[in-house]
Amino acid sequence: MKRIFFLLLLSVAVIGCKSTSVTNTKLDNKTERMLKGNWTITAVNFPGSNYLKVNSFNLEDSNCFIGSNWSFVSNNNKGEMSLNNPSTDCKDFSSPITWYVNKDGNFVLKVINNHKAKDVNAGYILRLRNVTETSFDLIDQVNVAGQVKDITYSFQRQ
(Lines give C-alpha, C1' and ligand atoms only; values in the text may rest on other atoms or scores of the structure.)
Protein backbone atom coordinates (compact mmCIF):
# COMPACT_ATOMS: atom_id res chain seq x y z
CA MET A 1 0.00 0.00 0.00
CA LYS A 2 2.83 2.39 0.85
CA ARG A 3 4.49 1.56 -2.46
CA ILE A 4 1.35 2.44 -4.45
CA PHE A 5 0.90 5.68 -2.53
CA PHE A 6 4.57 6.59 -3.11
CA LEU A 7 4.31 5.86 -6.87
CA LEU A 8 1.12 7.91 -7.11
CA LEU A 9 2.74 10.82 -5.27
CA LEU A 10 5.83 10.59 -7.48
CA SER A 11 3.67 10.57 -10.63
CA VAL A 12 1.79 13.68 -9.53
CA ALA A 13 5.07 15.45 -8.75
CA VAL A 14 6.57 14.63 -12.15
CA ILE A 15 3.47 15.70 -14.06
CA GLY A 16 3.05 18.84 -11.93
CA CYS A 17 6.63 19.98 -12.53
CA LYS A 18 6.27 20.50 -16.26
CA SER A 19 8.90 22.93 -17.52
CA THR A 20 7.91 26.10 -19.30
CA SER A 21 9.59 27.15 -22.51
CA VAL A 22 10.68 30.65 -23.44
CA THR A 23 9.15 29.96 -26.86
CA ASN A 24 5.60 29.67 -25.54
CA THR A 25 3.70 27.96 -28.36
CA LYS A 26 0.25 29.35 -27.57
CA LEU A 27 -0.30 31.39 -30.71
CA ASP A 28 -1.63 34.90 -31.12
CA ASN A 29 -3.61 34.18 -34.30
CA LYS A 30 -5.07 37.69 -34.56
CA THR A 31 -1.61 39.28 -34.72
CA GLU A 32 -0.39 36.60 -37.11
CA ARG A 33 -3.22 37.42 -39.52
CA MET A 34 -2.23 41.12 -39.36
CA LEU A 35 1.33 40.21 -40.42
CA LYS A 36 0.19 38.08 -43.36
CA GLY A 37 1.60 39.42 -46.61
CA ASN A 38 4.73 40.98 -48.07
CA TRP A 39 6.93 43.36 -46.10
CA THR A 40 10.16 45.32 -46.49
CA ILE A 41 12.60 46.35 -43.77
CA THR A 42 12.90 50.12 -44.10
CA ALA A 43 15.26 50.81 -41.18
CA VAL A 44 17.53 49.07 -38.69
CA ASN A 45 18.28 51.12 -35.58
CA PHE A 46 20.37 50.54 -32.47
CA PRO A 47 22.52 52.64 -30.14
CA GLY A 48 25.93 53.16 -31.70
CA SER A 49 24.83 52.16 -35.20
CA ASN A 50 27.07 54.90 -36.63
CA TYR A 51 30.24 53.13 -35.50
CA LEU A 52 29.27 49.54 -34.60
CA LYS A 53 28.61 46.60 -36.92
CA VAL A 54 26.13 43.94 -35.87
CA ASN A 55 25.78 40.59 -37.63
CA SER A 56 21.99 40.08 -37.78
CA PHE A 57 20.61 36.54 -37.62
CA ASN A 58 24.15 35.21 -38.14
CA LEU A 59 23.77 36.11 -41.82
CA GLU A 60 24.99 39.58 -42.68
CA ASP A 61 25.66 43.07 -41.35
CA SER A 62 22.46 44.64 -40.00
CA ASN A 63 22.58 47.44 -42.62
CA CYS A 64 22.31 44.79 -45.36
CA PHE A 65 18.80 44.02 -44.10
CA ILE A 66 17.54 47.46 -45.13
CA GLY A 67 15.44 46.88 -48.25
CA SER A 68 15.13 43.13 -47.62
CA ASN A 69 11.83 41.50 -48.55
CA TRP A 70 9.88 39.25 -46.19
CA SER A 71 6.78 37.21 -46.89
CA PHE A 72 4.63 35.84 -44.05
CA VAL A 73 1.91 33.22 -44.57
CA SER A 74 -0.24 33.06 -41.43
CA ASN A 75 -2.20 29.86 -42.03
CA ASN A 76 0.90 27.63 -42.04
CA ASN A 77 3.47 29.90 -40.35
CA LYS A 78 5.88 29.75 -43.25
CA GLY A 79 7.35 32.40 -45.46
CA GLU A 80 10.48 33.64 -47.14
CA MET A 81 13.07 36.33 -46.64
CA SER A 82 15.54 37.72 -49.14
CA LEU A 83 18.38 40.18 -48.76
CA ASN A 84 18.87 42.30 -51.84
CA ASN A 85 20.67 45.43 -50.66
CA PRO A 86 22.48 46.98 -53.66
CA SER A 87 25.57 47.79 -51.56
CA THR A 88 28.69 45.98 -52.76
CA ASP A 89 29.42 45.05 -49.14
CA CYS A 90 26.22 42.99 -48.93
CA LYS A 91 25.65 39.52 -50.34
CA ASP A 92 22.33 38.45 -51.83
CA PHE A 93 20.63 35.80 -49.71
CA SER A 94 17.25 34.10 -49.83
CA SER A 95 15.75 31.44 -47.58
CA PRO A 96 12.45 29.94 -46.53
CA ILE A 97 11.49 30.70 -42.93
CA THR A 98 9.08 29.44 -40.31
CA TRP A 99 7.62 31.87 -37.80
CA TYR A 100 4.88 32.43 -35.27
CA VAL A 101 3.71 35.01 -32.76
CA ASN A 102 3.07 33.69 -29.27
CA LYS A 103 0.69 35.03 -26.61
CA ASP A 104 3.64 36.72 -24.86
CA GLY A 105 4.07 39.07 -27.83
CA ASN A 106 7.22 37.36 -29.09
CA PHE A 107 7.98 36.69 -32.73
CA VAL A 108 9.71 33.31 -33.04
CA LEU A 109 11.72 32.88 -36.25
CA LYS A 110 13.72 30.06 -37.87
CA VAL A 111 15.77 30.59 -41.02
CA ILE A 112 15.49 27.23 -42.81
CA ASN A 113 18.05 27.67 -45.65
CA ASN A 114 17.86 24.36 -47.56
CA HIS A 115 16.90 22.27 -44.52
CA LYS A 116 13.64 20.90 -43.18
CA ALA A 117 12.22 23.01 -40.35
CA LYS A 118 12.32 20.06 -37.95
CA ASP A 119 16.07 19.70 -38.59
CA VAL A 120 16.84 23.32 -37.67
CA ASN A 121 17.10 23.62 -33.91
CA ALA A 122 18.35 27.21 -33.75
CA GLY A 123 16.12 30.21 -34.07
CA TYR A 124 15.47 33.73 -32.88
CA ILE A 125 13.02 35.21 -30.40
CA LEU A 126 12.25 38.85 -31.06
CA ARG A 127 9.80 41.22 -29.40
CA LEU A 128 6.98 42.40 -31.63
CA ARG A 129 5.96 46.05 -31.20
CA ASN A 130 3.87 48.79 -32.83
CA VAL A 131 1.81 46.46 -35.04
CA THR A 132 -0.51 48.29 -37.45
CA GLU A 133 -2.02 47.40 -40.82
CA THR A 134 0.98 48.94 -42.61
CA SER A 135 3.97 48.59 -40.27
CA PHE A 136 5.50 46.82 -37.29
CA ASP A 137 8.81 46.57 -35.44
CA LEU A 138 10.83 43.52 -34.42
CA ILE A 139 13.26 44.08 -31.58
CA ASP A 140 16.27 41.82 -31.07
CA GLN A 141 18.76 42.02 -28.23
CA VAL A 142 22.52 41.74 -28.71
CA ASN A 143 25.46 41.88 -26.36
CA VAL A 144 27.75 44.81 -27.15
CA ALA A 145 30.82 45.08 -24.93
CA GLY A 146 29.02 43.35 -22.07
CA GLN A 147 25.86 45.45 -22.35
CA VAL A 148 22.56 44.28 -23.83
CA LYS A 149 21.33 46.60 -26.59
CA ASP A 150 18.09 46.58 -28.58
CA ILE A 151 18.17 46.43 -32.37
CA THR A 152 14.91 47.54 -33.99
CA TYR A 153 13.95 46.26 -37.44
CA SER A 154 11.19 48.46 -38.88
CA PHE A 155 8.89 46.75 -41.41
CA GLN A 156 6.57 48.42 -43.95
CA ARG A 157 3.89 46.59 -45.95
CA GLN A 158 4.65 46.41 -49.68
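Quick note: structure is the one above.
Let me begin by describing the structure that accompanies this report. Quantities reported herein were computed from a predicted structural model and do not represent experimental measurements. (Residues numbered from 1 in each chain as written. Predicted model: local features only at pLDDT ≥ 70, side-chain atom pairs only at ≥ 80, totals over all residues. Heavy atoms only, no water.)

## A few points about the state of the cysteines
Reasoning step 1: Counted according to the given criterion, the structure contains one disulfide.
Reasoning step 2: Between C64 and C90 runs a disulfide, and the two sulfur atoms are separated by 2.0 Å. The chirality of the disulfide connecting C64 with C90 is left-handed, given an S-S dihedral of about -80°. In this pair, C64 is assigned in the loop between β3 (60-61) and β4 (69-73) and C90 in the loop between β5 (78-83) and β6 (93-101), connecting sequence segments 26 residues apart. Of the two residues examined, C64 and C90, each falls in the buried class. (Disulfide = S-S within 2.5 Å. Helix = DSSP H or I, 4+ residues; strand = E, 2+ residues; numbered from the N terminus. Buried < 20%, exposed > 50% of the residue type's maximum accessible area, 1.4 Å probe, protein only.)

## Details of the pattern of salt bridges
Reasoning step 1: A complete count under the given rule lists one salt bridge for this structure.
Reasoning step 2: Between D150 and R127 there is a salt bridge whose closest N-O contact spans 3.1 Å. With D150 in strand β10 (residues 147-157) and R127 in strand β8 (residues 124-129), this residue pair connects regions lying 23 residues apart in the sequence.
Reasoning step 3: According to the relative accessible area criterion, D150 is partly exposed, its value standing at 30%. (Salt bridge = Lys/Arg side-chain N within 4 Å of Asp/Glu carboxyl O.)

## So, the nonpolar core
Reasoning step 1: Counting residues in each nonpolar core, the largest one holds 26 residues, and the members touching the most others are W70, F72, F107, Y153 and F155.
Reasoning step 2: Of all the secondary-structure elements, those providing two or more residues to this core are β1 (37-45), β4, β5, β6, β7 (106-111), β8, β9 (135-144) and β10. (Core = buried A, V, L, I, M, F, W, Y, C linked by side-chain atoms within 4.5 Å.)

## Some details on the packing of aromatic side chains
Reasoning step 1: Applying the stated criterion to the full structure yields 14 aromatic pairs.
Reasoning step 2: Taken together, a centroid distance of 4.8 Å and an interplanar angle of 75° make the contact between W39 and F136 edge-to-face. Taken together, the residues W39 in strand β1 and F136 in strand β9 connect sequence positions 97 residues apart. As far as burial versus exposure is concerned, W39 and F136 are alike and both buried.
Reasoning step 3: Chaining the aromatic ring pairs together yields one cluster made of W39, F57, F65, W70, F72, W99, F107, Y124, F136, Y153 and F155. (Phe/Tyr/Trp six-rings, centres within 6.5 Å; stacked < 30°, edge-to-face > 60°.)

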